[in-house]
Amino acid sequence: SQQGEEDPQALSIQEGENATMNCSYKTSINNLQWYRQNSGRGLVHLILIRSNEREKHSGRLRVTLDTSKKSSSLLITASRAADTASYFCARLEGRTSYGKLTFGQGTILTVHP
Amino acid sequence: GAVVSQHPSRVICKSGTSVKIECRSLDFQATTMFWYRQFPKKSLMLMATSNEGSKATYEQGVEKDKFLINHASLTLSTLTVTSAHPEDSSFYICSAVGGTGSYEQYFGPGTRLTVT
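Residues numbered from 1 in each chain as written. Chains lettered and ligands numbered in written order. Predicted model: local features only at pLDDT ≥ 70, side-chain atom pairs only at ≥ 80, totals over all residues. Heavy atoms only, no water.

1. A word on the overall build of chain B
Stage number 1. Broken down by element type, chain B carries zero helices and eleven strands.
Stage number 2. Tracing chain B from N to C terminus, the helices and strands come up as β-β-β-β-β-β-β-β-β-β-β.
Stage number 3. Computed over C-alpha atoms, the radius of gyration of chain B comes to 13 Å, within 12% of the 13 Å expected from 2.2 N^0.38 for 116 residues, which places it in the range of a compact globule.
Stage number 4. By principal-axis analysis of the C-alpha atoms, chain B measures approximately 40 × 25 × 20 Å.
Stage number 5. Here chain B, with 116 residues, has 49% of them falling under the buried criterion.
Stage number 6. Expressed as a percentage of contacts within chain B between residues at least 6 apart in sequence, the contacts between residues at least 24 apart total 55%.
Stage number 7. Split by element, the accessible area of chain B, about 5600 Å² in all, is 51% carbon and sulfur.
Stage number 8. For chain B, the distance from the average site of its 11 positive side-chain charges to the average site of its 9 negative ones is 8 Å. (Helix = DSSP H or I, 4+ residues; strand = E, 2+ residues; numbered from the N terminus. Rg over C-alpha atoms; globule rule 2.2 N^0.38 Å. Buried < 20%, exposed > 50% of the residue type's maximum accessible area, 1.4 Å probe, protein only. Contact = heavy atoms within 4.5 Å. Areas by Shrake-Rupley, 256 points an atom, 1.4 Å probe, with all protein chains shown as cover. Lys, Arg positive; Asp, Glu negative; His and termini not counted. Charge placed at Lys NZ, Arg CZ, Asp CG, Glu CD.)

Following this line, the structure appears as structure tokens:
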């Protein structure tokens, strides 16, 4: 499959705990992006990390990228019930700045109040 | 932020009929639009890349005669599912990229197609 691998496929935690999702891929990338999708809705862009970056933060989100291992992780700290959603990584391959994205399988996160 | 709309949000049609889904960039000009398909609890699969004024580029395994894409203007792309069958039932999502050099794709809210 050309899609990246994400793990875990499903994650269930309590409010206040941290949630970590991982994404692996096989080809070289231009950048890697993380998206959130609430059930039956469109995607919300969370964060983008370029291939020459190793870590980025946005509020309670922290994304790391290890290009030598071809993997990325998304950490959500102090989770809330409203964080319940599916989370996808998507990689942009090639040199163009707006080529097609290849999505991972996704992680379904459930945060219990 | 940039807004992308899709219409309709939900559609139910009978087998054999055709359905058109519109994707509009509301506050920016989209040089490129993408069409994705998503099955329940699955990831997004890219169907085709649509560039304004030229033919769409389809991904391997996607029937271009089945899924007609027209990118008539810098703010509108349409996906027509022709002679729909129940297996075409799915969630169809479009995204748009502006010509500003931004990496970001802006996603529409999706269209739920049910073919009976």
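2. Looking at the state of the cysteines
Residues and elements named next belong to chain A.
Stage number 1. The full count for this structure, using the stated rule, is two disulfides over all chains.
Stage number 2. The disulfide partner of cysteine 23 is cysteine 89, and the gap between their sulfur atoms is 2.0 Å. Its torsion about the S-S bond being 70°, the disulfide of cysteine 23 and cysteine 89 is classed as right-handed. In this pair, cysteine 23 sits in strand β3 (residues 19–24) while cysteine 89 sits in strand β9 (residues 85–92), placing the two residues 66 residues apart along the sequence. (Disulfide = S-S within 2.5 Å.)

3. Remarks on the nonpolar core
Stage number 1. In terms of nonpolar packing, the biggest core is built from 25 residues, with Trp35(B), Tyr58(B), Phe67(B), Ile69(B), Leu79(B), Tyr92(B) and Leu113(B) touching the most fellow members.
Stage number 2. The contact partners of Ile69(B), leaving out residues within four places of it in the chain, are Trp35(B), Ala48(B), Ser50(B), Ala56(B), Tyr58(B), Ser77(B), Thr78(B) and Leu79(B). (Core = buried A, V, L, I, M, F, W, Y, C linked by side-chain atoms within 4.5 Å.)

4. Details of the packing of aromatic side chains
Residues and elements named next belong to chain B.
Stage number 1. Counted by the stated rule, this structure contains nine aromatic pairs over all chains.
Stage number 2. On the basis of an interplanar angle of 40° and a centroid distance of 5.6 Å, the ring pair of tyrosine 36 and phenylalanine 107 is categorised as tilted. Placement of tyrosine 36 in strand β4 (residues 30–38) and of phenylalanine 107 in strand β10 (residues 106–107) is noted, with a sequence separation of 71 residues between them.
Stage number 3. Taking the relative accessible area as the measure of exposure, phenylalanine 107 reaches 10% and is therefore buried.
Stage number 4. Relative to tyrosine 92, the ring of phenylalanine 67 has its centre 6.3 Å away and its plane inclined at 45°; by these criteria the two rings are tilted. Residue phenylalanine 67 is located in strand β7 (residues 67–73), and its partner tyrosine 92 is located in strand β9 (residues 90–98); the two are separated by 25 residues in the primary sequence. Neither residue differs from the other here; phenylalanine 67 and tyrosine 92 are each classed as buried. (Phe/Tyr/Trp six-rings, centres within 6.5 Å; stacked < 30°, edge-to-face > 60°.)

On their own, these measurements won't tell you what the molecule is for.
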